[in-house]
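One letter stands for each residue in the lines below.
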Amino acid sequence: MSTPHLAARLQGFGTTVFAEMSALAVATGSVNLGQGFPDTPGPPEVLDVARAAIGTPLDQYPPGPGLPVLREAVAAHVQRFRGLAYDPDTEVLVTAGATEALAGALLGLLDPGDEVVVFEPLYDSYAAGIAMAGAVAVPVPLRPPVTDGVGADPWTFDPAELRSAVGPRTRLVLLNTPHNPTGKVFDRAELELVAEVAREHDLLVVTDEVYEHLVFSGSQHVSLAELPGMRERTLVVSSGGKTFSTTGWKVGWVCGPAELVTCVRTAKQFLTYVNAGPFQPAIAAGLGLPDSYFGQLAADLERKRDLLVAGLAAAGLPVVSPQATYFATVRVPGDGLEFCRELPHRVGVVAVPMSAFYLAEHAELGLDLVRFAFCKRDEVLAEAVGRLSA
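Read on for a plain summary of the structure. Note that this is a predicted model, so its numbers are computed, not measured. Sequence order as written defines residue numbering, which begins from 1 separately in each chain. Residues qualify for local features only when their pLDDT is at least 70, as the model is predicted, and side-chain atom pairs are given and counted only at 80 or more; totals for whole chains, interfaces and linings, by contrast, use all residues. Heavy atoms from the whole structure form the basis of all side-chain values; hydrogens and water molecules are not counted.

**Considerations on the environment of P168**
The test is simple: Where helices and strands are cited, they refer to DSSP runs of H or I of at least four residues and of E of at least two residues respectively, numbered from the N terminus.
Relative to the helices and strands, P168 is located in the loop between α6 (159-165) and β5 (170-176). Taking the C-alpha atoms as reference points, P168 and E115, separated by 53 residues in sequence, lie 8.7 Å from one another.

**So, empty space enclosed by the protein**
To keep it simple, the criterion reads: Computed over the protein atoms alone on a 1 Å grid, cavities are sets of points where a 1.4 Å probe fits but cannot get out and pockets are open sets with protein on both sides within 12 Å along at least five of seven lines; a residue lines them when it has an atom within 4 Å of a point. Grid points are joined across faces, edges and corners, and a volume is the space filled by probe spheres set on the points. Following the grouping adopted for this structure description, the nonpolar residues are Ala, Val, Leu, Ile, Met, Phe, Trp, Tyr, Cys and Pro, the charged ones are Asp, Glu, Lys and Arg, and the polar ones are all others, Gly among them.
In the structure shown here, the tally under the stated rule is 3 cavities of 30 Å³ or more. When its volume is computed, the largest cavity comes out at roughly 90 Å³. Every residue lining the largest cavity is listed: V78, R82, L84, Y86, E209, E212, S223, V236, S238, W253 and C255. Elements that contribute at least two residues to the lining of the largest cavity include exactly α3 (68-82), β7 (234-239) and β8 (251-255). Residues of the lining of the largest cavity, tallied by class, amount to 6 nonpolar, 2 polar and 3 charged.

**A word on the sheet that holds strand β4 (residues 136-141)**
We apply this condition: Note: two strands are recorded as paired if DSSP finds a minimum of 2 bridges between them. Here, axes are lines fitted to C-alpha atoms. For helices the fit covers the stretch in contact, and angles between N-to-C directions go from 0 to 180 degrees. Here a residue-residue contact requires only that any non-hydrogen atoms of the pair lie within 4.5 Å.
Taken together, the 7 strands give an open sheet; going across it, the order is β2-β8-β7-β6-β5-β3-β4, and neighbouring strands pair in mixed fashion. A strand with exactly one partner marks an edge of an open sheet, and here the two such strands are β2 (92-96) and β4. Going from strand to strand, the sheet's axes swing by 25 degrees on average, the running direction of each strand aside. Where β5 meets strand β6 (residues 204-208), 5 bridges bridge the pair, whose relative direction is parallel. Bridge assignment links V173 to a residue of β6, and that residue is V205. Contacts from helix α8 (residues 258-268) reach β2, β6, β7 and β8, with the element oriented near 30 degrees to β2.

**So, the pairing of strand β3 (residues 115-120)**
Along any regular strand, the residues point their side chains to alternate faces of the sheet. The test is simple: We call a residue buried when its accessible area falls under 20% of the maximum for its residue type, exposed when it is over 50%, and partly exposed in between, using a 1.4 Å probe and counting protein chains only. Looking down the strands as they point away from you, a crossover is right-handed if its path from the first strand over the helix to the second goes clockwise.
The element β3 is largely enclosed, with a buried count of 5 among its 6 residues. Two elements, β3 and β4, share 6 bridges in a ladder whose sense is parallel. Across the sheet, the residue bridging to F119 is V140, located in β4. In this view, the connection linking β3 to its parallel neighbour β4 by way of helix α5 (residues 124-132) has right-handed handedness. Pairing between β3 and β5: 4 bridges, direction parallel. Across the sheet, E115 pairs through a bridge with T170, a residue of β5.

If you want it as structure tokens, here you go:
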């Protein structure tokens, strides 16, 4: 049903399912494993810097590209973990979370009628951002493994479908790895295929890597920009929210060639203009934490994953164990949306239907899939598992 007065390009983008499920969690007193945010504070080395910055001149507008201390920290962090060198003055831009970085990239790079190749299911802001730019999303389906359970194969895609998605109007590829909502980590062979397609058709790439440090044993994150011939055509997006448990601060960034970053900055300056003055030096401090912090972060989350996955399996829900991120996927009998609407009333647990992560015309591909978040305290996960098992 259309919404009166809403621009045609945004018809169909109503209130998100996250809002519905979060409200349902409150109304029923359920354990909320729907929306992906941690329920524990970030590291004190980060929080203390933010506390000290509040009440100082950092409360005022920061520079348009972001505070130099954060841009320098981002460049040093990318060099340290990815081996890529970016000029903090011209090739790094601070944004209001990764969401604004993505929106700025799409608005700054796309013209009406351009096409964007994107893997589906996809994070819900992607389709809206592409639509706001007047462009067209061309999805390549990711398929869940045939067998579910711990150690199952990851989600896969057909290389032929990727190649056939590229047409004369294709402008860029939008890639998310580690991938939300599936928890897939694209391996090097898959990334090399994406890179080959991008080089062959002279495409730009925007890669969303906000879960870069939340990767589990047996998998390794590789940035597409690390591959030969890709740095000069790739914008890499990340943020501090997931890495430092500060999702509400909305501090993100984009790295890439100066001419592409300028396109993002041109759009970004008319969106939020600037953001998060006192939080920028705090995230800079976090990016400089020792390797042990990032390793322990992934190990703790992997343990939480295993706790939830075992509980879901014991409750009779066939589960796809993720390689990364905050999320595990289960198959349910029938309609996943109805399952999620009934689950809080039945057992007091909230999840979200995977159909929300597909374009409307493809929602049936995720009809029987449901996503649970495990980025919660152990006692919260134990309570959820107990309710599901009962």
